[in-house]
Structure formats: C-alpha cells, structure tokens
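Examining the three-dimensional arrangement
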Amino acid sequence: MIAHLDTDGVPTLLAPTGGPMRAGLTFRVGTADETLARHGITHLLEHLALAPLGSADYHFNGATGPVFTTFHMQGSEQDVATFLTAVCAHLTDLPTGRLEVEKDILRTEWSSRGSAAIDDIPLWRHGARDFGLSSYPEWGLAALTADELRQWAARWFTRENAVLWIAGDRVPDGLTLKLPSGTRQPVPAASSALPATPAYFVRGNQAVVLDAVVRRGPAAGLFADVLERELFRALRQDAGLSYTIAGGYEPRGDGHAILRALADALAEKQDAVLGGFVDVLAKLRVGRIEQTDLDAAVAKRIDLLATVEADAARLTGYAFNLLTGEPNLSLDEHRAALTAVTVADLHQVAQEVHASALLMVPEGTRADWAGFVAAPTVSEAIPAGTAHRSRDDDGQLRVGPDGISYLGDGGPLTVRYADCAAMLAWPDGARQLIGHDAIVLHVEPTLYDLRPPGLAVLDTAVPADRQVAMPPRDPQQIPQPRAVRDYRDHLARPRRAWWETLLMVLSALATAGIGGLTLLLTIGMFMEPSEEGDGWLWGAVVVGWLLTVILALPIVLLARGRRR
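Residues numbered from 1 in each chain as written. Predicted model: local features only at pLDDT ≥ 70, side-chain atom pairs only at ≥ 80, totals over all residues. Heavy atoms only, no water.

Within the element layout of this structure, Pro172 appears in the loop between strand S6 (162-167) and strand S7 (199-203). The buried category is assigned to Pro172, whose relative accessible area is 4%. For the pair formed by Pro172 and Met21, sequence separation is 151 residues and the distance between their alpha carbons is 9.7 Å. (Helix = DSSP H or I, 4+ residues; strand = E, 2+ residues; numbered from the N terminus. Buried < 20%, exposed > 50% of the residue type's maximum accessible area, 1.4 Å probe, protein only.)

It is worth spelling out the sheet that holds strand S15 (residues 403-407) at this point. With antiparallel pairing, the four strands of this open sheet are ordered in space as S13-S14-S15-S16. On the outer flanks of this sheet lie strand S13 (386-389) and strand S16 (413-416), each paired with one strand and no other. Each strand axis lies, on average, 15° off the axis of its neighbour in the sheet, ignoring direction. (Pairing = 2+ DSSP bridges. Axes fitted to C-alpha atoms, helices over the stretch in contact; angles between N-to-C directions.)

Turning next to the nonpolar core. Core analysis: the biggest nonpolar cluster contains 46 residues, and Leu210, Phe223, Leu227, Phe277 and Leu359 have the highest contact counts within it. Elements with a contribution of two residues or more to this core: strand S8 (207-215), helix H6 (218-238), strand S10 (256-264), helix H7 (270-285), helix H8 (291-305), helix H11 (331-339), helix H12 (343-356) and strand S11 (358-362). Here the element with the most residues in this core is H6; it accounts for nine residues. Sequence-distant contacts of Leu359, that is, excluding residues within four places in its chain, are made with Ala199, Tyr200, Phe201, Val208, Val209, Leu210, Leu274, Phe277, Val278, Ala367 and Phe372. Membership of the second largest hydrophobic core comes to 41 residues, among which are Leu44, Leu50, Trp156 and Phe157. (Core = buried A, V, L, I, M, F, W, Y, C linked by side-chain atoms within 4.5 Å. Contact = heavy atoms within 4.5 Å.)

Spatial ordering of the open sheet is given by S9-S10-S8-S11-S7-S12, a layout of six strands whose pairing is mixed. Each edge of the sheet is formed by a strand with only one pairing partner; in this case those strands are strand S9 (245-251) and strand S12 (373-374). Sheet topology places S8 next to S11; three bridges connect them, and they run antiparallel. Bridge pairing in S11 places Asp211 opposite Leu358. Of the strands in this sheet, S8, S9 and S10 are in contact with H6, which crosses S9 at around 170°.

On the surface, a nonpolar cluster with roughly 610 Å² of combined accessible area is contributed by Ile514, Val543, Leu547, Val549, Ile550, Leu553 and Leu557. Per-element tally for the nonpolar patch: the top contributor is helix H16 (residues 535-563), with six residues. By the element assignment, Val543 lies in helix H16. Residue classification places Val543 among the partly exposed positions, given a relative accessible area of 46%. (Patch = residues over 30% accessible without salt bridge, like charges linked within 9 Å, V, L, I, M, F, W, Y side chains within 5 Å. Areas by Shrake-Rupley, 256 points an atom, 1.4 Å probe, with all protein chains shown as cover. Salt bridge = Lys/Arg side-chain N within 4 Å of Asp/Glu carboxyl O.)

This paragraph deals with the packing of aromatic side chains. On inspection of all chains with the given rule, the structure shows seven aromatic pairs. Ring plane angle 55° and centroid distance 4.7 Å describe the contact between Phe27 and Phe157, whose orientation is recorded as tilted. Of this pair, Phe27 sits in strand S3 (residues 21-27) while Phe157 sits in the loop between helix H5 (146-156) and S6, and the two are 130 residues apart along the sequence. Taken as a pair, Phe27 and Phe157 share a single burial class, namely buried. Pairing Tyr136 with Trp139 gives two aromatic rings, centres 6.1 Å apart and planes at 55°, and the pair type is tilted. On the basis of relative accessible area, Tyr136 is assigned to the buried category, the value being 5%. Among the aromatic residues, those joined into a ring-pair cluster are Phe27, Phe71 and Phe157. For the cation-ring pair, Arg252 lies above Phe131, with the distance from its terminal atom to the ring centre recorded as 5.4 Å. (Phe/Tyr/Trp six-rings, centres within 6.5 Å; stacked < 30°, edge-to-face > 60°. Lys NZ or Arg CZ within 6 Å of the ring centre and 35° of its normal.)

As structure tokens, this is what we get:
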C-alpha cells in the first residue's frame, strides 16, 4: 500500500521496496509554464540546485519535463536525507555563483543532444508556447539573472507545490524540507497551432509518427497497447516494411493524455509504410478491434500490478496525480478499471484519436489522400506596412505598426507584434521573429533595403520581455546579396603569377605562328596535287602540327591547374 504522510508541510508518499531506498521530490512546474523568451529557466534552476552536491557515492539526478520537475536519488537512508535536505536548502538560497557556468553546461547539453523523430511534434501541435516549448532551444538562458531565478523559485518551488515520494520502509531520520510557503499551481491550458484536425506535416525523418490527444483513462492506455500490436503485426510481421514499431501513452495533467505511435521506414518504402499505418488507424476507427488484442493488453498491465514492487513503481505517477489533481487508484481499483474496459470503449478512443490526430510523414509523401489536412506553413493575414524590397529576388518585407510580413517564395509569413513569442536580436542588425503559431520570419538587413528606421520599428513594437539578445555572429555567417557574394568569390580566386601570364602569352603567340603556317601549308598540299618527291612537304606538315600541340600545352596545363 502507498501511505500518505506529511514531512515539513510537504505531502509525502511511502511505499515498500525490496531494494535500496529510492526517493524524489517532485514540483508542479516545467517548461510548459515558461515563455519562449525565458525558456530554460526551470532547467537552469534545477542545475543550480544540484551543482553544489558535486560527485557522490550514490546516484542522484534531476529532470525537467513539460509540467513537473523532479530531484531523485537512490542510496541509504542517510544519503536520501542528506541529498533532499541539501536540494531544498539550495532552492531557497540559490548558489548563483555558478550561474554562468551552469548556463554554459546547459548550452553544451543542448548542442550535443541527438535529434529524435518526435522532437518537432509539440511545436506543430501547440506552437511556440506552453507544451510546444519543448521543441525549442533554451534561448532564454543568456539573459536570465539571479533575481529572476529567485523569483521563479519562490513562486514554483514551494511546500504546497511539491510532493515527496519514497520507496522504502520509512521517512529517513534527519530529512528536512525547508521550503517557502506558496500555492498549488494548476497545469497550464494547452494551446493549439492547428486550425483543423486530423492534420499532417512533412519532415525529413524516415518514420511515420502519430500524435493524438485523448481523454485520460484506462481505455486510452490500453488502446495505445492495442495500436502498437496492430502496427507491429501489419508493418513488421506481415509486410516486412518496418523494423521499429513503438507506442506510448503519457498523461498531460489536465484530464487528457498524449498518445503516440511510430513506425520507421526505408526511403524506398515510405509510401508503403504510410499507407499501412493509415490502414491500421482506419481499421480501428471503424471498430475492427480484436478482443484477443484487448485481453492481451489487459493481462500485460495486470501482470505488472502483481509484482512486489508494484506500489514502489507507481510512486512517480502517483505523485504526478497528486500534484495535478488527478484521481489515484489502489491496486485493486486499478485492476478493476482495466478489466472493465470493452472493445466498444477502445472504439470510442480510436475515434478520439482520429479527431485530434497529427501525423508526421516523411519528405516526399503526403497524407491528404487519407483525409488529413496539411498543417499550415504560411500565414493568411498580411498587415499593412512599408515595403522593403529584396536585393536578390522579387521578395519583400512589409513592416507595419501591427506586424511584419514576408512576401515571396515560401510565403506569405506574418508575425504580429502582439503574438510574437520571441524576437532574437543579433548585434549586426539581424532579427528573427517567432509567432505563437510557430511561424518564423527572418530579417537580414544585408538582404533587404531595410534602413535603421525599419529595425527601430521592430525593436520598439516587440515587448522588451520577449526580446532575446544573441551573441555576435562570425562575419562569414552573415548572409550577403548575390552581387556581394560574387565579388567575394572573385576576390577569393587565386591570383595568377606573373611568370604564368608571360608563359601563356608566349605560348599563345608561338602556337598561333607555327599553327598558322602549318595550316596554310596543309591547305596548299590539298589544293595542288602532290608530285613525286614532295614527301618531305608532308613530313613538314606533320612536324608543324606536333610543334603546335607542344607549344599549346603550357596554356592547357596552367588553365586546368587554375580550375582545380
């Protein structure tokens, strides 16, 4: 059984375990509570709280997700008490002396992390806010100050906004959770950047990925298992099209859950994988769901609940429910809820999946033939403003009092200042505006007839708290008009040495002289019939052409060397 206790005003969950003690302190705060211009503040605060602990004999770490942040460790009772007590002390008195060091560490962490097929899905569904921020770099790190971090900690890292969970026999002696008082924070409302669903977008990854939002419940979790089984059977076992088939179900904390499924594909079989994937979804949506698949999914989950570590394994989810106001079930209640799910319940979930579906398809494919609408990549509205022509093509920027638009290839793109999630600003004058709908508009003063007053409009109209100062760029990375690029390329070409030029001129003159005489002699030999004893003339013709070729060789060799 999971016992409910209290430790220094923090709700505490305790469950038995047969292994070493594990414990964690979970707060209801994550990236979804941030803004794009200050994205990274929670992650940075997590690092600062752990930094003074250095290395230890026991395992500890922290994790920042969309709606929660956890500090967890495994070790002896004394280790647990020391670790969690220190974390709380650091949260209330931040070790800001390591602020710049931890910022560098986080930037390195982001640059070295690999990309996954699902990384961009939050951005396409939610845009550049709340649950969509997990798709973006932590651009806010550079501008964050110690005072901002202290304010963030005082608001979110409080007793009322935390849950302590322990897999062990008891709360360790000496554990002290000195946290400030506050309030339990609700889960942020999820935004949407999709005008209509089911929708799809194209990505270069060689995989088909489904993302759907469904009502949370045992039926939705079981449907995720059934969908994975169906995809595995159809795409790997029967058709041999995919190797990796994966499914997932993750509660969001607001009564809904994210349901995902993935199938990889070779480049030459992407159309077939997409077709098979859509066929499986259609099959489930019309109610063709096998009872045996449901029974297998139920049995698998009940088996997990029958282990001796079942309660300990549920602690993190139990704490999440406690923080978000979701109901917690006992093991018996959980079993009963699973066995009560019917095929008709799964059919209803399948319809919810279709209604909210966002499909990621490989580049070169599309899903409109299956009833999915393309997610928007351009803007509809174009606010009035002053036009600034491109120096390279027919495109133009239109800068107005309400927003900025790009008209040209790949457009129109519009970001209204009131809906600007962040504006990245470089010292050389470049600007990048990102709208709440995830539309991105680049402004390069070097490429447009955009004088300083145009930039001043942007800097004044976009709220200061949404502007992000970026480090200087290498001059070679600053885009230039085609004329400038061509001139730079001309200057970059290696200069010919004086002796090469002299040799080529002399070679050309000699080639022209000998070649011309040889050509005249050759024409004369063909115009007048040869007489006996004129063989030496033909010999002279052959020698003349050989000399012409030899004299022309320096020109050819020097020209080829220059091209290389």
